[in-house]
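Next come the chains, spelled out residue by residue.
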There are 2 protein chains.
Amino acid sequence: MRVAVVEDDLSIVNLLKRVLIKEGFSVREFSTAERFLSAVFDYGEEFDAVILDVMLPGINGVEACRFLRERGYDVPVLMLTALSEEDDKVKGLDSGADDYLTKPFGIRELLARLRALLRRRGKVLLAPEPSGIVITDVGALVDGKEVKLTGRERELLRVLLENRGKVVSKEELLQKVWKGEAVSKRVVDVHVKHLRDKIGDRIETVWGVGYRLVEGAPE
Amino acid sequence: MRVAVVEDDLSIVNLLKRVLIKEGFSVREFSTAERFLSAVFDYGEEFDAVILDVMLPGINGVEACRFLRERGYDVPVLMLTALSEEDDKVKGLDSGADDYLTKPFGIRELLARLRALLRRRGKVLLAPEPSGIVITDVGALVDGKEVKLTGRERELLRVLLENRGKVVSKEELLQKVWKGEAVSKRVVDVHVKHLRDKIGDRIETVWGVGYRLVEGAPE
DNA sequence: AAAAACCTTAAGGAACTGTTAAGATGTTAT
DNA sequence: ATAACATCTTAACAGTTCCTTAAGGTTTTT
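Residues numbered from 1 in each chain as written. Chains lettered and ligands numbered in written order. Predicted model: local features only at pLDDT ≥ 70, side-chain atom pairs only at ≥ 80, totals over all residues. Heavy atoms only, no water.

S.K.: Looking at this structure, how should I read the environment of Pro-57 of chain B?
M.R.: Residues and elements named next belong to chain B. In this structure, Pro-57 sits in the loop between strand S3 (49–53) and helix H3 (61–70). Along the chain, Pro-57 and Glu-34 lie 23 residues apart, while their C-alpha atoms are 9.4 Å from each other. Beyond its immediate stretch of four places on either side in the chain, Pro-57 contacts Asp-8, Thr-32 and Glu-34. (Helix = DSSP H or I, 4+ residues; strand = E, 2+ residues; numbered from the N terminus. Contact = heavy atoms within 4.5 Å.)

Structure follows, in structure tokens:
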């Protein structure tokens, strides 16, 4: 189990590190939200849970959490802060946090809450289901409605779905869907168009790079 | 960057803490060498630098430093003391300290020496610390908000970000972003302008030289 | 004041994507 | 076997986005 600790207070980081490691977690620490987000988005690191401080220099915990959620990263987030005002709790939880703990906190309580979060999630973390799309053997279930897809369309959607929220380059799509067959790059565009016609505008174009499946309903 | 401050004089501890934190360091304080050494060897805490007072109750700074070095702990040590006798300096430096500063010391000098030590060790002090910016695959996260960037803009921002706080010359930008393509120098200006429009006035012009990404939010 | 460096804006073209349709190929029903 | 159908690919044209250059204005230096 990999846990990211995003916290700038060294004494807390060290405490958490010691305790979490003792409990059998792998701990990756980040002193700023930027670094953490960069690890996730630039380097594709994955975590089973995130312990996220609110008061951070630069991007704060609430903003970071909101960003994660907007991009479809469904990892359990335990928010940590010195603020105990009801309003702050609301803000934190509204941003997508799963739990909220105020400093000073009991380390045993934190562990208990963390275990609870992981249990609740069943343990599958970064980048799982909730996109409103499920691939079936005849096509896809989109917002509860069944849509028929052709083979290529289904494969294309599958790859995009596996990388939900992340940009997939045309080269990668050609490689994964067309397995290196000698076809023009433009076939991707055409199939994206067909997919869009069928499942709505959930596929975003990233100019000069490729495509990205985004969350939520189209338009 | 984490700095351990090992010092029993509270007024000095507080001064250092305030200043160092302001400079973007994480500070961990210890009132005795025993506690510091215990943190290092018993708990495996790691530091990028140590500011170590010589006159400490129990194990003194020189002994502590020697102990560190004997165990192969190669962290930069800046020794701090009221003793200005040459002999003491020699003892301190011989014990493995990297630099030596006598009280009363100027805080700016201390910072400069600390930076120098870190630089010498190859620690990247280019402050990967808070800038409020994270580059993503579609653009950048600026103060928690996603901003879409074009390819050139993103590359330009990436180079500036890698050198944040430092001036990057136009030649270097042309070389790193435009890879030696034969383009006019003016393209840099234009793209800087576009970047400024999108991420705010975080890019400072250094007349006759180039550009620099500055910390914090614009105005 | 002149010169140099920078800012700002806009236009043209290059590169990329959207869209449509036709032909090729393969599949199913008759 | 043949017709009807479905799918895939390519090609062509239209539309969009992006990059660079150019030109005139502003600021800074000499």
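Now that the structure is up, let's keep going.
S.K.: What is the right way to read the protein's contact with DNA strand D from this model?
M.R.: Residues in contact with DNA strand D amount to 23 residues; listed here are only the nearest, Thr-150 and Arg-152 of chain A together with Thr-150, Arg-152 and Ser-184 of chain B. Between DNA strand D and Ser-184 of chain A, the relevant distance is 2.9 Å, taken from a phosphate oxygen to a main-chain nitrogen or oxygen of the residue. Breaking the surface near DNA strand D down by element, the ones donating at least two residues are helix H6 (151–162) and helix H8 (186–199) of chain A together with helix H6 (151–162) and helix H8 (186–199) of chain B. Sort the elements by how many residues they give to the surface near DNA strand D and H8 of chain A lands first, with 4 residues. For the surface near DNA strand D, the per-class residue count stands at 12 nonpolar, 8 polar and 3 charged. (Near = heavy atom within 4 Å. Polar contact = N/O pair within 3.5 Å; in protein donor to acceptor, adjacent residues only side chain to side chain. Nonpolar A, V, L, I, M, F, W, Y, C, P; charged D, E, K, R; others polar.)

S.K.: What should I look at first to understand the sheet that holds strand S11 (residues 210–213) of chain B in this one?
M.R.: The strands making up a sheet associate through backbone hydrogen bonding, with each pair oriented either parallel or antiparallel. Residue and element names in this part refer to chain B. Strands sit in the order S9-S11-S10 across an open sheet of 3 strands; the sheet is antiparallel. Two strands close off the open sheet at either side, each with one partner strand: strand S9 (167–169) and strand S10 (203–206). Averaged over all neighbouring strand pairs, the angle between strand axes comes to 30°, with direction disregarded. Along the sheet, helix H7 (residues 170–177) makes contact with S9 and S11, crossing S9 at roughly 70°. (Pairing = 2+ DSSP bridges. Axes fitted to C-alpha atoms, helices over the stretch in contact; angles between N-to-C directions.)

S.K.: I keep staring at the pattern of salt bridges and nothing clicks. Help me out?
M.R.: Under the counting rule described, the total for this entry stands at 24 salt bridges over all chains. Between Lys-193 of chain A and Asp-197 of chain A there is a salt bridge whose closest N-O contact spans 3.3 Å. In this pair, Lys-193 of chain A and Asp-197 of chain A both sit in helix H8, 4 residues apart, roughly one turn of the helix. Owing to a relative accessible area of 52%, Asp-197 of chain A belongs among the exposed residues under this scheme. The structure contains a network of salt bridges with shared partners spanning Lys-17 and Glu-29 of chain A together with Arg-2 of chain B. (Salt bridge = Lys/Arg side-chain N within 4 Å of Asp/Glu carboxyl O. Buried < 20%, exposed > 50% of the residue type's maximum accessible area, 1.4 Å probe, protein only.)

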